[in-house]
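# Architecture and fold: a report
Chain by chain, the residues:
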Amino acid sequence: MSTSNGNGAARTPRVAIIGAGMSGIGMACKLRMAGIESFHIYEKWNGLGGTWHANTYPGLHCDVPSRNYQYRFAPNPNWSHVFSPGREIWAYLDKVATDFDLKGRMSFNTEVAEATWDEDRHVWTLTTKAGDVSEWDFIVTACGGLVETRTPHIPGMEDFQGALFHSAEWDHRVPLKGKRVACIGTGSTGMQITKGLADVAGEFELYQRTPQWILPLPNRRYSRLTKWAMRTFPEQLEPLFFRGHQLATEGTFGVAVVQPGWQRTMLSWMCRKHLQWGVKDPDLRRRLTPTDQPMCKRLVMGTGFYKLFRRPNVNLVDTGIDHIEARGIVTKDGVLHEQDVIVMATGFNAHAFVRPMELTGLNGVKLSDAWGEREPYGYRSVAVPGFPNVFMLIGPHSPFGNQSLFTISETQADFAMGCIQRWRDRELEWMTPTAEATERFNEEMKAALPNTIWTTGCKSWYIGKDGLPSVWPWKASHHREILRQPDPADWVIARPGEREEERTPEPVA
Ligand code: NAP
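Residues numbered from 1 in each chain as written. Predicted model: local features only at pLDDT ≥ 70, side-chain atom pairs only at ≥ 80, totals over all residues. Heavy atoms only, no water.

### Notes on the site of the ligand
- Looking at the ligand, there are 24 residues lining it, with Thr186, Thr189, Thr210, Lys297 and Trp461 nearest.
- At 3.2 Å from an oxygen atom of the ligand is found a main-chain nitrogen or oxygen belonging to serine 188.
- Interatomic distance of 3.2 Å between a side-chain N/O atom of arginine 298 and an oxygen atom of the ligand.
- Burial of the ligand by the protein chains amounts to 87% of its free accessible area of 920 Å².
- The leading source of residues in the shell around the ligand is helix α4 (residues 188–197), at three residues.
- Partitioned by chemical class, the residues of the shell around the ligand number eight nonpolar, 10 polar and six charged. (Near = heavy atom within 4 Å. Polar contact = N/O pair within 3.5 Å; in protein donor to acceptor, adjacent residues only side chain to side chain. Areas by Shrake-Rupley, 256 points an atom, 1.4 Å probe, with all protein chains shown as cover. Helix = DSSP H or I, 4+ residues; strand = E, 2+ residues; numbered from the N terminus. Nonpolar A, V, L, I, M, F, W, Y, C, P; charged D, E, K, R; others polar.)

Below, the structure is given as structure tokens:
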């Protein structure tokens, strides 16, 4: 891409950010740091924080180390734990939004319904569900990956007389102390809820359809001395901790999931030994033993889970659920398990991405049509061909899994910032990846998939409707490398004042 700036004075980009979660807040901070004030954040929920706003279940914490689960530009010296509780992460996001004076730029309870590209004026017209209309030069989607809750319909569930809710829609009015609580689902959420409620509930039953491997990662409290040192020497210590955790995380999980090798062998061994040493009762151990390989499903991490089953009030139920009735859950063996509360820790539709918001791009093509026939796809996780000046944070193919979404979305936000700054300097009018480059990228992804652990035969939310995992199949460092700057050959770049026929390469569609 040209670096010349001979087309006149800098102009002011107007940027609409959709979503006030971790990635939207990060993007807004980066705009502020670049001196760009003309942005607004639209948020459909009634507060900021995204997943940390929605998820408030007992036991909630993050199993990615806090020193990496924060913005590089806003380190928090006061994290209480190596893996911090959810409320603390929400408070951190709230503080960053306050420190960067973002709250006045956020509209809550404001869902964006659609945005349409004006091919003559090169602007996006955005319409909220309430009917408000505004114009923007750029749209940054920061809508999150695990937002749309997935609540399976179990026959009779509407007859249940107690409280029943999804883990991400926790009803805090419902008393739990001494109550009979059932949790359906044994993913990361189900495991954390079990730990959070074992002490509280009178009887707690965990309903397991598929056993999960658990990596034993102890959660250490940071000492007062460490916090003091982080406050006193942030410039020396924060990069050190960040790099240390990054090397540990990306160098082990990050590699183990994408290629066979010692990392995969070591982590698998740790999961197997954790189960073997943690569960003495052979029958219970057999019931808790997965048939798939560790990490094929998103790895559950933590310690102290297995020993909970030694408590008299905690039970594993692995007989299938037949139906729910007024008093509780009836399992396939005909036994009625009476309950006061049923929690559906049954996960999310991880393939909704930007939708249901509708984007209409070049030649009137709608995003729902572009993605309709196939799994949501994009170019290098940041853009979709035919949708000029739209950048996605945590879009399709992002390196999900056990990586830090802060690091991933910062990489994507930096990429978007580079393009926005070039627009500001009049080096481009709009840009969108070519269809050819996007297809090539998707083919490269498919070619890399057989090396990954996700194709070894398990059912997980990574798998799309084409039956293939739609996750970044390379190391996280590759994500940073190929998003350092746009590869000009892969983009349609319209320059200010340029006629359409002068444009190279060929426009999409
Ligand atoms: P999940 O991993 O998708 O697990 C859903 C669970 O519900 C599975 O055990 C699934 O069983 C079970 N289930 C679904 N439908 C069922 C049915 N009809 N009957 C019985 N069981 C059913 O969801 P999640 O635990 O909410 O986690 C989703 C993702 O959120 C995680 O993978 C992770 O990326 C993220 N998360 C992160 C953290 C963190 O600390 N960073 C914490 C929580 C969540 P099957 O396995 O048989 O399908």
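Anyway, onward from the coordinates.
### A short note on a nonpolar patch on the surface
- Together, Leu225, Trp228 and Phe233 give the surface a local cluster of nonpolar side chains, amounting to about 340 Å² of exposed area.
- Structurally, leucine 225 is set in helix α5 (residues 224–232). (Patch = residues over 30% accessible without salt bridge, like charges linked within 9 Å, V, L, I, M, F, W, Y side chains within 5 Å. Salt bridge = Lys/Arg side-chain N within 4 Å of Asp/Glu carboxyl O.)

### Details of unusual backbone geometry
- Cis geometry is found at the peptide bond from arginine 355 to proline 356, where omega equals 15°.
- Even without being a glycine, phenylalanine 353 presents a positive backbone phi close to 50°.
- Within the fold, phenylalanine 353 resides in the loop between β19 (348–349) and β20 (358–360).
- Owing to a relative accessible area of 8%, phenylalanine 353 belongs among the buried residues under this scheme.
- In this model, serine 381 sits at a positive phi of 75°, which is unusual for a non-glycine residue.
- Looking at the element boundaries, serine 381 is found in the loop between α9 (367–372) and β21 (390–392). (Buried < 20%, exposed > 50% of the residue type's maximum accessible area, 1.4 Å probe, protein only.)

### Considering the sheet that holds strand β14 (residues 314–317)
- With respect to topology, five strands assemble into an open sheet ordered β9-β18-β10-β11-β14, the strand pairing being parallel. The sheet is open, and its two edges are formed by β9 (163–166) and β14, each paired on a single side. The mean inter-strand angle of the sheet, taken between neighbouring strand axes irrespective of direction, is 15°.
- As defined by bridge partners, strand β10 (residues 180–184) adjoins strand β18 (residues 341–344) across four bridges and the pair is classed as parallel. Counterpart to isoleucine 184 in the pairing with β18 is methionine 344.
- Sitting on the sheet, α4 touches β10, β11 (203–207) and β18, and the angle it makes with β11 is about 170°. (Pairing = 2+ DSSP bridges. Axes fitted to C-alpha atoms, helices over the stretch in contact; angles between N-to-C directions. Contact = heavy atoms within 4.5 Å.)

### Remarks on the sheet that holds strand β5 (residues 123–128)
- Spatial strand order, β6-β5-β4-β20: four strands in an open sheet with mixed pairing. Both edges of this open sheet fall to β6 (133–136) and β20, since each of them pairs with a single strand only. Going from strand to strand, the sheet's axes swing by 20° on average, the running direction of each strand aside.
- As paired elements, strand β4 (residues 112–118) and β20 share three bridges and run parallel to each other. Directly across from threonine 116, in β20, lies its bridge partner threonine 360.

### Considering the confidence of the model for the protein
- Scored by pLDDT, the protein has a mean of 95; 97% of the residues are at 70 or more.
- Taken as a whole, residues 1–6 scores under 50 in pLDDT and shows 11 contacts with residues more than four places along the chain or in a different chain. (pLDDT = per-residue confidence, 0-100.)

### Examining the environment of aspartate 94
- On the secondary structure map, aspartate 94 appears in helix α3 (residues 86–99).
- In sequence terms aspartate 94 and methionine 22 are 72 residues apart; their C-alpha atoms lie 9.9 Å from each other.
- Setting aside anything within four residues of it in sequence, one finds aspartate 94 in contact with Leu48 and Lys103.

### Notes on the state of the cysteines
- Considering all chains together, one arrives at one disulfide under this definition.
- The thiol sulfur of cysteine 271 is not disulfide-bonded, and the nearest other cysteine sulfur, from cysteine 296, lies at 12 Å.
- Between cysteine 419, a free cysteine, and cysteine 143, which holds the nearest cysteine sulfur, the sulfur-to-sulfur gap is 18 Å. (Disulfide = S-S within 2.5 Å.)

### Considerations on a positive patch on the surface
- Judged by side-chain charge, Lys195, Lys280, Lys307 and Arg310 come together as a positively charged surface patch.
- Relative to the assigned elements, lysine 280 resides in the loop between α7 (262–278) and α8 (282–288). (Lys, Arg positive; Asp, Glu negative; His and termini not counted. Charge placed at Lys NZ, Arg CZ, Asp CG, Glu CD.)

### Considering the environment of serine 470
- Note on placement: serine 470 falls in the loop between α11 (435–448) and α12 (476–482).
- Owing to a relative accessible area of 12%, serine 470 belongs among the buried residues under this scheme.
- For the pair serine 470 and aspartate 137, spaced 333 residues apart in the sequence, the C-alpha separation amounts to 29 Å.
- Excluding residues within four positions of it along the chain, serine 470 makes contact with His351, Glu375, His397, Met445 and Tyr462.

### Considerations on the side chain of serine 38
- One can find serine 38 in the loop between α1 (22–33) and β2 (39–42).
- From its side chain, serine 38 meets the backbone oxygen of proline 13 in a polar contact 2.4 Å long.
- The residues contacting serine 38, other than those within four sequence positions of it, are Thr12, Pro13, Arg14, Val15, Arg105 and Trp136.

### Examining the pairing of strand β15 (residues 321–325)
- Inspection of the sheet shows β15 paired to strand β16 (residues 328–331) by four bridges, in the antiparallel sense. Each bridged residue has a counterpart across the sheet, and for histidine 323 the counterpart in β16 is valine 330.
- The turn linking β15 back onto β16 is made up of two residues.

### A short note on the nonpolar core
- Among the nonpolar cores identified, the biggest contains 132 residues, and Ile17 and Met27 are the most heavily contacted of them.
- The element best represented in this core is helix α10 (residues 405–424), accounting for nine residues.
- Beyond its immediate sequence surroundings of up to four residues, methionine 27 is in contact with Ile17, Val140, Leu393, Ala413, Ala416, Met417 and Ile420.
- In this structure, Met157, Tyr207, Val317 and Ile329 belong to the second largest nonpolar core, which totals 11 residues. (Core = buried A, V, L, I, M, F, W, Y, C linked by side-chain atoms within 4.5 Å.)

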